[in-house]
Amino acid sequence: MEITDKSFFMKFNDAAGRKLRPMTAGFEEKFGHLSNEEDEDVFRQLAWWLWEAERKSPSKETGEDEIVRGILAYQTAFQKDLTEQNFHEAVYYLSEILKGPNKKTMTVAYRRVPVAIFNERGRRIYKPPESEYVEALMTSLFNQIRSLIREEMSLSEIFYHASLIHLKMYLIHPFVKNNIKAAILLEKWFLSEKLGKTYIKLPSEKYYAQNKDRYNTNTLIGTMYSNVDDKRILPFLLMLPESLKIDDVGIEIE
């Protein structure tokens, strides 16, 4: 599966294409003309949902430091062009601070160790590519993103390719941790390059967090990177348009 592949676009367009124009108009009306203070408040709320989308342990609460770092990640995407270097800067902010005698920040370099995705019973359900292939796969991904940014597209095509970017990065799993957060931000960053910076504020992370079981099911389209089944990608591609229906990004901190 490549993010430039248009093989499944017609099915995506038939299912979601006609809904996108009115839904994006509603989103832009609500989020497109906010003050700097209002933007930061939206980023604060989205940062909470972004950590919630990745959070696996119900007992782990999102702290203020994580919220502040999330805001900095959004501001990086809001203010800068989508490049691999700027993406790494944003991922730095999405990384946890490791506690210990030396207090060093988790690396944001592409992983050099194997990783896997496990279900709640501890059984491995997906094996990403071996670490020696990750850098080349991510270089190819960003080369294709640059090509797509230059290409003229319809609104439906933009959402289609944004979703493919998210899914492709998730399947590569290029980092030791924080892959869901990074994939969500990358997806929206691409939208913002094509449709305007307002789309950094799209509350897709809230939709993914509230539909985590569906997210996990829809990303599980193979047991390893080498046997991913492209024919199963449509349910995931249709999730991003659904997030346009969310008009309240309010967080749920007790």
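Anything mentioned here points back to the structure above.
Predicted model, so just to flag it, every value in this text is computed and none were measured.

Reading guide: rules and limits
Residues numbered from 1 in each chain as written. Predicted model: local features only at pLDDT ≥ 70, side-chain atom pairs only at ≥ 80, totals over all residues. Heavy atoms only, no water. Helix = DSSP H or I, 4+ residues; strand = E, 2+ residues; numbered from the N terminus. Rg over C-alpha atoms; globule rule 2.2 N^0.38 Å. Contact = heavy atoms within 4.5 Å. Areas by Shrake-Rupley, 256 points an atom, 1.4 Å probe, with all protein chains shown as cover. Lys, Arg positive; Asp, Glu negative; His and termini not counted. Charge placed at Lys NZ, Arg CZ, Asp CG, Glu CD. Expected span 1.5 Å × (residues − 1). Buried < 20%, exposed > 50% of the residue type's maximum accessible area, 1.4 Å probe, protein only. 1 Å grid on protein atoms, 1.4 Å probe; cavity = no way out; pocket = protein on both sides within 12 Å on 5 of 7 lines; lining within 4 Å. Points joined across faces, edges and corners; volume = space filled by probe spheres on them. Nonpolar A, V, L, I, M, F, W, Y, C, P; charged D, E, K, R; others polar.

Asker: Quick one: what's the story with the overall build of the protein, residue by residue and with numbers?
Answerer: In terms of regular secondary structure, the protein is built from 11 helices and 2 strands. Starting at the N terminus and ending at the C terminus, the protein contains elements arranged as α-α-α-α-β-β-α-α-α-α-α-α-α. The globule rule puts the C-alpha radius of gyration for 254 residues at 18 Å, and the 17 Å found for the protein is close to it. Judged by the C-alpha coordinates and their principal axes, the protein covers about 50 × 45 × 35 Å. Considering only contacts within the protein whose residues lie at least 6 apart along the sequence, 76% involve residues at least 24 apart. Split by element, the accessible area of the protein, about 12600 Å² in all, is 50% carbon and sulfur. With 36 positive and 38 negative side-chain charges, the protein shows a separation of 5 Å between the mean positions of the two kinds.

Asker: Go over helix H7 (residues 179–195) with me, naming the residues and quoting the values.
Answerer: Here H7 spans 24 Å end to end across 17 residues, near enough to the 24 Å set by a 1.5 Å rise per residue. For H7, the buried fraction is high: 15 of the 17 residues fall into the buried class. The positive-phi residue at the C-terminal boundary of H7 is Gly196, with phi of around 115 degrees.

Asker: Please give an account of the layout of surface pockets that cites residues and values.
Answerer: Empty space within the largest pocket amounts to approximately 940 Å³. Along the wall of the largest pocket there are 34 residues; nearest its centre are Glu54, Lys56, Ile117, Phe118 and Ile180. Secondary structure elements with two or more residues in the lining of the largest pocket: helix H2 (36–54), strand S1 (117–118), strand S2 (124–126), H7 and helix H9 (212–219). Of the residues forming the lining of the largest pocket, the biggest block, 5 residues, is contributed by H9. Split into classes, the residues belonging to the lining of the largest pocket amount to 12 nonpolar, 9 polar and 13 charged.

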